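Fold and geometry: a report
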Number of protein chains: 6
Amino acid sequence: MAHDVTLFSGRANPALAADIARHLGVRPGRCTIDRFPDGESSVRLDEAVCGREVVLVQPTAPPVNDHLVELLALADACRRGVARRITAVIPYYGYARSDKRHNELEPIMGRVVADLLQSVGISHVVTMDLHTPQIEGFFRAPVDSLSAMESLCAAMRPRLPHDFVVVAPDAGRAVLAARYAQCLGAEVVVLHKRRTEDRVETVRVVGDVAGRSCLLIDDMISTGGTLAQAVAVLLGKGAKPDIVIAATHGLFIGPARERLDLPAIGAIFVTDTIAPTQRDWPKLHIVSVAPVFAHAVKRYVEATTGDRSLS
Amino acid sequence: MAHDVTLFSGRANPALAADIARHLGVRPGRCTIDRFPDGESSVRLDEAVCGREVVLVQPTAPPVNDHLVELLALADACRRGVARRITAVIPYYGYARSDKRHNELEPIMGRVVADLLQSVGISHVVTMDLHTPQIEGFFRAPVDSLSAMESLCAAMRPRLPHDFVVVAPDAGRAVLAARYAQCLGAEVVVLHKRRTEDRVETVRVVGDVAGRSCLLIDDMISTGGTLAQAVAVLLGKGAKPDIVIAATHGLFIGPARERLDLPAIGAIFVTDTIAPTQRDWPKLHIVSVAPVFAHAVKRYVEATTGDRSLS
Amino acid sequence: MAHDVTLFSGRANPALAADIARHLGVRPGRCTIDRFPDGESSVRLDEAVCGREVVLVQPTAPPVNDHLVELLALADACRRGVARRITAVIPYYGYARSDKRHNELEPIMGRVVADLLQSVGISHVVTMDLHTPQIEGFFRAPVDSLSAMESLCAAMRPRLPHDFVVVAPDAGRAVLAARYAQCLGAEVVVLHKRRTEDRVETVRVVGDVAGRSCLLIDDMISTGGTLAQAVAVLLGKGAKPDIVIAATHGLFIGPARERLDLPAIGAIFVTDTIAPTQRDWPKLHIVSVAPVFAHAVKRYVEATTGDRSLS
Amino acid sequence: MAHDVTLFSGRANPALAADIARHLGVRPGRCTIDRFPDGESSVRLDEAVCGREVVLVQPTAPPVNDHLVELLALADACRRGVARRITAVIPYYGYARSDKRHNELEPIMGRVVADLLQSVGISHVVTMDLHTPQIEGFFRAPVDSLSAMESLCAAMRPRLPHDFVVVAPDAGRAVLAARYAQCLGAEVVVLHKRRTEDRVETVRVVGDVAGRSCLLIDDMISTGGTLAQAVAVLLGKGAKPDIVIAATHGLFIGPARERLDLPAIGAIFVTDTIAPTQRDWPKLHIVSVAPVFAHAVKRYVEATTGDRSLS
Amino acid sequence: MAHDVTLFSGRANPALAADIARHLGVRPGRCTIDRFPDGESSVRLDEAVCGREVVLVQPTAPPVNDHLVELLALADACRRGVARRITAVIPYYGYARSDKRHNELEPIMGRVVADLLQSVGISHVVTMDLHTPQIEGFFRAPVDSLSAMESLCAAMRPRLPHDFVVVAPDAGRAVLAARYAQCLGAEVVVLHKRRTEDRVETVRVVGDVAGRSCLLIDDMISTGGTLAQAVAVLLGKGAKPDIVIAATHGLFIGPARERLDLPAIGAIFVTDTIAPTQRDWPKLHIVSVAPVFAHAVKRYVEATTGDRSLS
Amino acid sequence: MAHDVTLFSGRANPALAADIARHLGVRPGRCTIDRFPDGESSVRLDEAVCGREVVLVQPTAPPVNDHLVELLALADACRRGVARRITAVIPYYGYARSDKRHNELEPIMGRVVADLLQSVGISHVVTMDLHTPQIEGFFRAPVDSLSAMESLCAAMRPRLPHDFVVVAPDAGRAVLAARYAQCLGAEVVVLHKRRTEDRVETVRVVGDVAGRSCLLIDDMISTGGTLAQAVAVLLGKGAKPDIVIAATHGLFIGPARERLDLPAIGAIFVTDTIAPTQRDWPKLHIVSVAPVFAHAVKRYVEATTGDRSLS
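Conventions we followed
Residues numbered from 1 in each chain as written. Chains lettered and ligands numbered in written order. Predicted model: local features only at pLDDT ≥ 70, side-chain atom pairs only at ≥ 80, totals over all residues. Heavy atoms only, no water. Helix = DSSP H or I, 4+ residues; strand = E, 2+ residues; numbered from the N terminus. Rg over C-alpha atoms; globule rule 2.2 N^0.38 Å. Buried < 20%, exposed > 50% of the residue type's maximum accessible area, 1.4 Å probe, protein only. Contact = heavy atoms within 4.5 Å. Areas by Shrake-Rupley, 256 points an atom, 1.4 Å probe, with all protein chains shown as cover. Lys, Arg positive; Asp, Glu negative; His and termini not counted. Charge placed at Lys NZ, Arg CZ, Asp CG, Glu CD. Least-squares fit on C-alpha atoms with pLDDT ≥ 70 in both. Salt bridge = Lys/Arg side-chain N within 4 Å of Asp/Glu carboxyl O. Buried area = accessible area lost by both parts, 1.4 Å probe. Polar contact = N/O pair within 3.5 Å; in protein donor to acceptor, adjacent residues only side chain to side chain. Pairing = 2+ DSSP bridges. Axes fitted to C-alpha atoms, helices over the stretch in contact; angles between N-to-C directions. Phe/Tyr/Trp six-rings, centres within 6.5 Å; stacked < 30°, edge-to-face > 60°. Domains from an automatic or database assignment. pLDDT = per-residue confidence, 0-100. Expected span 1.5 Å × (residues − 1). Nonpolar A, V, L, I, M, F, W, Y, C, P; charged D, E, K, R; others polar. Disulfide = S-S within 2.5 Å.

A tally of helices and strands in chain A yields eight helices and 14 strands. Taking 311 residues into account, the globule formula puts the C-alpha radius of gyration at 19 Å, and chain A, at 21 Å, falls close to it. For chain A, the spread of C-alpha atoms along the three principal axes comes to 60 × 45 × 35 Å. Residues counted as buried form 65% of the 311 residues belonging to chain A. The contacts in chain A between residues at least 6 apart in sequence include a share of 63% that link residues at least 24 apart. For chain A, the exposed surface amounts to about 10400 Å²; the carbon and sulfur share of it is 51%. With 35 positive and 35 negative side-chain charges, chain A shows a separation of 2 Å between the mean positions of the two kinds.

Quick look at the structure:
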């Protein structure tokens, strides 16, 4: 058992936090998190943190603003309680898609969030499969960006046919597709959108999918729109109607399940970075990344505290 | 018309923002504010702010976290769009009651919010009747804390009986009650809570209310619990069943209307710092503070830009 | 004996610092503090602080500016000497009454002082009975605000008559009076000032004092003006001429003793947060808060250093 | 002529700075930049900047460290000379490829450089075709990231055959290729590297190039290695030996010219963000982006100073 | 008359502030500065500063801590009153001799003061003859360090004999002596202290003074000890008993006048950076530097505001 | 062997770093430092630093910009790798001569460098014989400024004649000369430059050198120009042609050796703060300061980590 570490969970994914704590061999810290009747986040730690190494586990998943403010409140309570250091484990980093401006009149929310987290004294962030890896540079604080790819590949391998291609649903995912292809020993296909002169958007397929199985990858599944469109395009180009989808973060917003509950989609693999909401969906496979996070936290805590007692 | 000022409204109270803009004689800036399907706030300015004096109007009223993040997003868009300076008009400052720690294990959210606002480049805040005036000192940036008291008193005077006392619903409001009493030429009564040895909470009345009318004041009406309790105590002590309630901020959360829709309450006065939700309630009087804010912004803008064209 | 802690005292209250050190079982650190002939503060540590947990004890009592700069000098010496962390024990926090602006043309010195303290590397503040508890939020650093109320109540109890009321000398002290009343099981009376139309200031008494004993409380006794005025008002309303006064901080500036050396005042209780100057005054009772500070520092140091050797 | 703007050029690309100044109608500011015998950068402004809007033009091209420090020295001189604001026009942003960590043991130099620039008071950056657009988020200050694509496309159009594909030399450039394809109305092909089990690196071609002309695009041409490899792969897949290469930044380090001076490469288009070193190379076409920068600076200066006198 | 500038004076040298204001053609701003009975500095501006260029004049002369805190209070009042920019004219910079550590256990108060001044929003400092010019680098903000040497030399020239040497009273003043010597066309002599083996301190004279007149220079006259010692040494080496002393800052602490009121000292020249206290001393000549400060402020204000109306 | 310390060397003086490591009894950390073909610095640590006390050794000697950026890159890698603390040992601090502005139009590079070093997380600096000791105050972080004087004196003593004077080559070195004189028991002579009316620069000699041996001291030997000029002047005044030169930092830029390889110069003593380039020069004596640095680092590490295992 670790003497120096206290791990608190926000309300976004307590099951994952409990799993990480169990893998670390630490008892989760007691705290009371609630909302006042007017919706303000209410946080109270129920045990002292003075001088302790604190780990906060909170994916900033929907409702993202509430979960974000809750995390800030937790961190401020720990800072004012004189925690030695505060590490935030943010398995899913919300607002990551707002990582640049499309014109001069937008915010960069990914950077705003980084500044907010640091303004309350978080000095280390552990996260997974950021929408773009450059978000790490939005922080002055060290960011450990873990990958779910190996866990997902290990889980998918038994399910994948011999001859399949890895498909990037748009050009921005081409690098991720190449990494999956390298890991799984497959070819890459890239879809990309293009507007015709009369501004109709069409999806082009770069590479050959006729008669082949497809592993469609993405970093997250939100409303499922892009992926459903990709599936339609792939089928239109003659892909086998046994498509597998893999993504790290399974948000499944609104019509997502309906859009992806197609016969041509054989299986969907996501991780538990976000508290699963679709456990009753047979084709959905949820891969736990708690061991990956626990390993990273353990390594960090052991190194910074000299405490070798973590299980 | 002012050439240098652009005023944007968040979604918390666009009617108030429009009123302030009209009083200033400026056209509200165009911007598109929305939520993505996953709940992330989405902001896009629809006109350039480069070199302009920007005023953002957004009470951080419920849903407070969403309105807060929306304000941060607006400010970041303006900052990255090279606005000259960004003033935030925050008629109601959410999280103001979290202004100190009750034990060592809580955050001070009022300070956290101040840090967040400043981290995105807001360099001036205009607000009204902060829960405690010391919150001004949570900011490095200048804070103009306006008062609704004169507007409320002017609106209430015709309604108040000759012989009434101003009642503070708890000891923390005694200073506010004294200020109302000074403004209206009345006596003060202070309620305060006390726990007996067996931990039953009772409300004590300091001062005499028997046979007198009461003006019960507070800075805000949230769920109405404290005020309803005060009314019951006052009536129990023989106060006339014609109580008037006045508060700057009318949140009216959950059971508030039900709790306060009592025959013994003759009238309730609040301002429009928060977008009114109970317009159909006859005993509720809503006093506009748009002129108060417009006056403060105008004075500031004229002084800093030399622009005398504001109406 | 604690191996990791060095406690230095400024010149404001070395007796209290020595008491705290004795309670902690640590030897006070050696340093030479003086003024150059031109009045500049001169500080030199006489033992190394590299890697040590440093505690500086200095109430910013009068002469406040000199004691404040002396504290900043001590902290800078420790910071440049590579102290691990610097905790400032500031039993009395000067400039606390400048905690908001009364108009737009004043400083908020309570916040300025907070910024100064943090600018030289003080990362933790331990103080007592701040004029308003919100001053805690002026700091980014953790602030432990201790209370002298229990110590004072314990000392006063034998002296208090059976039937007494707790009197707040103005509306701003109503909350403090309610806390004392709760602690001692008594009723509350609130005084508040009001200006008549011809601008004469009168003091109103909210609650009943006729024929009763009064415990007049405040956070500090400065020149004694407000308290002397309160005594006169209470006596005018028929209070028993056996008034007890209690306050945490006993400054006793200028005419304070003369003003309060009245037959109707039976006893005055203060603590030793400020170096006592009126030890020869029979009715003045000085209650030591050294154990309270020692307890807080000990708990903090043990938690942050793992050192359990403090007595 | 603009009264408020002073534009200084570092020594990295004075010709571009002069062109931008001419497009703006301003006289370049006089300054003396040199190296001391020991290699320290030496900067002295030869005209006052007090109260002026300063624009510094300096691509951080090789020798990158010297050009970077020179820019910092210029900015510090302007800051201490009380310039109103300092805008850095950095046509080529060095260290942009160090935008994330490949393992936990590297710096993120793109972020370090952003911090350095801001530490000397640069409050606005204008740059072009950042290696990844997210670098914008490394800055707290506004970053205008301009694009050379339209200028390059305009220059290339007469040279391009009817039937050509846009080729991304690796998966990371797929988005850029898609943007060029959209602009020019062409198809996309993506190359990506893959290591076989015995760790031999091979380049895969996603899409069809047999018998087609290729426009190979990239953000920069450094040593030419990646592009030369791509050309070989394309020819091996049957591409027409009339390949056109386009990139914003032409560094042409070491063997670059030798590697790319192939008969199968018909033309190379770059801009003048970096001072051209290969003007004698017939197949190299250098497109000036001075008008693009001048336009952006003009718009900014006009908006922030109200000065409409820029030509 | 200047429309944009407001100049406030602290209480350290109002006569100098009035002179500077008169030279600038601006009316001094009205403010009320006082001490509370407990010694806390009390500042209230009596006119608005919103949007104005503020100049604060306050040498941090003895009592240095009070004058320093008073300056901080003035600046905070201006900052919170939304002044456009705050320039501090600090004719004498207290704590300048604490500019390095003599061992590892001292503060560097010159840097602490720089941090304090900047923490309250002072963004520009104008000062004179800093004890060491490197103190400029203690600030991030621009520092204009003016020189009184030309004013002093102009005043002294009629008084100086034909054949005189400039004497540095210790090795640290050798550079200053060389500058005076250059300005006045004279030779240099340097005194320096040395401890013998039995730790007796002796003063060595480097250069020849026998039969010559001496101009003894320093940056300040504090208690006069060093200068009186230098005079004795010079006379012992045969210098003519008609020594002239010149220094920018005349503090004249404690025994200074007594020590320097020697027959062998013919005249003493200082400036009015510090409010003169010895106006009745015939051999003391006070040279006004108000024109030098007014010139610097005027140039700065004109450049930053475009206001050419300063007289 | 120390368990907690990792020492990395940049490429400026790996021999000195190895010596320091050997004196400390620690194994130098493994890292790969290189330049990309385009000249960008490339750094990769080859062992983890998480939780470790890191010491970086890098004099910012020529090529100063490259060595400086390399040091920043090393520090950022350590910071992002979650080092506990980063100490930079900078035996020679480049840009130290840019420690003030000579007019209003220059940077203060010594301060810029201090800001850069701190912006990447360096929290402690150990350096030697700064050009001016006030540079310590450019840092917020603690700076230990060691002295090579004792090491140099110890090495020189056997070589120095009985009757010699210590000569400062200009007035700015008078304090240093006095310190050497104190250490060695000798007299001081000061040279200083003066321009005649027709602007010819002449060097004046303050003190007597006729027939005496001279020890000419300086903090560094750069191009040797000032020292060669001083030697000529001394010889012209009749000094014995057996001059010894001592300086901490031996840069020996360009013509330095040629200028100083004079028969009248008997010996030159420097330290190894800068990697020696003239080992084949018989009259050059290089004194190692590795023990001085090792001693300072050891004391610091022991105190901050409690680790007493350093040899």
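Text resumes after the structure shown.
Aligned on chain E, chain B shows an RMSD of 0.0 Å; the corresponding rotation is 120° and the shift along the axis is 0.0 Å. These values place the two chain copies in the arrangement generated by a three-fold rotation axis.

Another point: the pattern of salt bridges. One pass over the full model with this rule turns up 156 salt bridges over all chains. Asp4 of chain C is paired through a salt bridge with Arg84 of chain C; the nearest N and O atoms lie 3.7 Å apart. Of the two residues, Asp4 of chain C sits in the segment before β1 (5-9) while Arg84 of chain C sits in the loop between α2 (64-80) and β5 (85-90), which places them 80 residues apart along the sequence. Accessibility expressed as a relative area gives 26% for Asp4 of chain C, which makes it partly exposed. Each of the salt bridges in this network shares a partner with another, and the network as a whole consists of Asp4, Glu53, Arg84 and Arg85 of chain A.

Before going further, it helps to spend a moment on the interface of chain E and chain C. Often, the extent of an interface is quoted as the loss of accessible area upon association of its parts. Each side of the interface is counted separately: chain E has 45 residues, and chain C has 45 residues. Between chain E and chain C the total buried area reaches about 3400 Å² when both faces are included, carbon and sulfur atoms providing 60% of it. The interface formed by chain E and chain C includes two salt bridges. Across the pair Arg97 of chain C and Asp38 of chain E runs a salt bridge, and its minimum N-O distance is 2.4 Å. Linking chain E to chain C there are 16 residue pairs in polar contact (both at pLDDT 80 or more). Elements that contribute at least two residues to the side of chain E that touches chain C include exactly β3 (41-45), α2 (64-80) and α3 (109-119) of chain E. The greatest single-element share of the side of chain E that touches chain C, amounting to nine residues, is contributed by α2 of chain E.

Let's shift gears to the sheet that holds strand β12 (residues 243-250) of chain A. All names here are of chain A. Read from one edge of the open sheet, seven strands run β10-β9-β8-β11-β12-β13-β14, paired in mixed fashion. The sheet is open, and its two edges are formed by β10 (201-206) and β14 (284-287), each paired on a single side. Neighbour-to-neighbour, the strand axes of the sheet open up by a mean angle of 25°, direction not taken into account. Where strand β11 (residues 213-221) meets β12, six bridges bridge the pair, whose relative direction is parallel.

To continue, consider the relation of the copies chain E and chain C. Placing chain E over chain C gives an RMSD of 0.0 Å and needs a rotation angle of 180°, together with 0.0 Å of translation along the axis. On the angle and the small slide along the axis, the relation comes out as a two-fold axis. A shared binding surface is used by both copies, with 100% of the interface residues of chain E retained as interface residues in chain C.

Applying the stated criterion across every chain, the model contains 15 aromatic pairs over all chains. Ring plane angle 80° and centroid distance 6.2 Å describe the contact between Phe138 of chain B and Phe138 of chain C, whose orientation is recorded as edge-to-face. Taken together, the residues span two chains, with Phe138 of chain B in the loop between β6 (124-128) and β7 (143-146) and Phe138 of chain C in the loop between β6 (124-128) and β7 (143-146). Since its relative accessible area comes to 0%, Phe138 of chain B is described here as buried. Taking 6.0 Å as the distance between ring centres and 65° as the angle between the ring planes, the aromatic pair formed by Tyr93 of chain D and Phe139 of chain D counts as edge-to-face. Of this pair, Tyr93 of chain D sits in the loop between β5 (85-90) and α3 (109-119) while Phe139 of chain D is found in the loop between β6 (124-128) and β7 (143-146), placing the two residues 46 residues apart along the sequence.

With that settled, the discussion passes to the domain arrangement of chain A. Residue and element names in this part refer to chain A. Each assigned domain of chain A is listed with its residue range as follows: domain 1 (2-147 + 290-305) and domain 2 (149-287). For domain 1 versus domain 2, the separation of C-alpha centres amounts to 29 Å. Across the contact, 16 residues belong to domain 1 and 15 residues belong to domain 2. In total, about 1300 Å² of surface goes out of reach between domain 1 and domain 2, with carbon and sulfur atoms giving 51% of it. For domain 1, the biggest contributors to the area lost against domain 2 are Tyr92, Asp129 and His131; these three give 37% of the whole. If you look at where domain 1 meets domain 2, you find zero salt bridges.

Attention now goes to the confidence of the model for chain A. On average, residues of chain A carry a pLDDT of 94, and 98% of them reach 70 or more. Both confidence scores are given for the complex: pTM 0.96, ipTM 0.95.

To continue, consider helix α8 (residues 290-305) of chain A. Note on helix geometry: an α-helix contains 3.6 residues per turn, so any two residues three or four positions apart are oriented the same way. Residues and elements named next belong to chain A. Relative to the 22 Å expected for 16 residues at 1.5 Å per residue, α8 spans 22 Å between its end C-alpha atoms, a close match to the ideal helical length. Turning to α8, its buried residues number three or more, namely Ala290, Phe293, Ala294, Ala296, Val297, Tyr300, Val301, Glu302, Thr304 and Thr305. At the exit of α8 stands Gly306, carrying a positive phi of roughly 70°.

Let us look at the interface of chain B and chain E. Opposite the nine residues of chain B that make contact, chain E presents seven residues. Counting the surface chain B buries against chain E, the share from its top three residues, Arg140, Pro142 and Ala303 of chain B, is 56%. If you look at where chain B meets chain E, you find zero salt bridges. Here chain B and chain E share three residue pairs in polar contact (both at pLDDT 80 or more) between them. Looking at side-chain class alone, the side of chain B that touches chain E contains five nonpolar, two polar and two charged residues.

Residue and element names in this part refer to chain E. Pairing is parallel across the open sheet formed by five strands, whose spatial order is β1-β4-β5-β6-β7. Across the chains shown, the open sheet's two edge strands, defined by having one partner strand only, are β1 (5-9) and β7 (143-146). Averaged over neighbouring strand pairs, the angle between their axes works out to 15° when direction is ignored. Relative to strand β5 (residues 85-90), strand β4 (residues 53-57) runs parallel, the two sharing five bridges. Residue pairing in the sheet places Val55 in a bridge with Thr87 of β5.

Here we take up the side chain of Ser119 of chain A. Considering the arrangement of structural elements, one finds Ser119 of chain A in helix α3 (residues 109-119). At a separation of 2.9 Å, a polar atom in the side chain of Ser119 of chain A contacts the main-chain carbonyl oxygen of Leu116 of chain A. Those residues in contact with Ser119 of chain A that sit more than four places away from it in its chain are Arg79 of chain A, Asp115 and Leu116 of chain B together with Arg140 of chain C.

This part covers the state of the cysteines. Inspection of the entire model under this criterion finds zero disulfides over all chains. Cys78 of chain D supplies the cysteine sulfur nearest to Cys31 of chain D, a cysteine that is in no disulfide, at a spacing of 8.3 Å. In this structure Cys50 of chain F is not part of a disulfide, and its nearest cysteine sulfur, from Cys78 of chain F, lies 12 Å away. Cys50 of chain F gets classed as buried once you look at its relative accessible area, which sits at 18%.

A few words now on the environment of Val287 of chain F. All names here are of chain F. As for its placement among the helices and strands, Val287 is situated in strand β14 (residues 284-287). The exposure class assigned to Val287 is buried, which follows from its relative accessible area of 12%. In the structure, Val287 is positioned 139 residues away from Ala148 in sequence and 9.0 Å away in space, judged by C-alpha atoms. Every residue in contact with Val287, bar those within four places of it in the chain, is listed here: Ser151, Leu152, Ala155, Phe269, Val270, Thr271 and Asp272.

Excluding glycine, most residues fall at negative phi; most peptide bonds, likewise, are trans. Backbone torsion omega between Pro62 of chain A and Pro63 of chain A reads -5°, so that peptide bond is classified as cis. Here Pro63 of chain A lies in the loop between β4 (53-57) and α2 (64-80). We note that Phe252 of chain A has phi near 50°; this positive angle belongs to a residue other than glycine. Position of Phe252 of chain A relative to the elements: it lies in the loop between β12 and α7 (256-260). The phi dihedral of Val82 of chain E is positive, around 65°, even though this residue is not glycine. With respect to the helices and strands, the residue Val82 of chain E is situated in the loop between α2 and β5.

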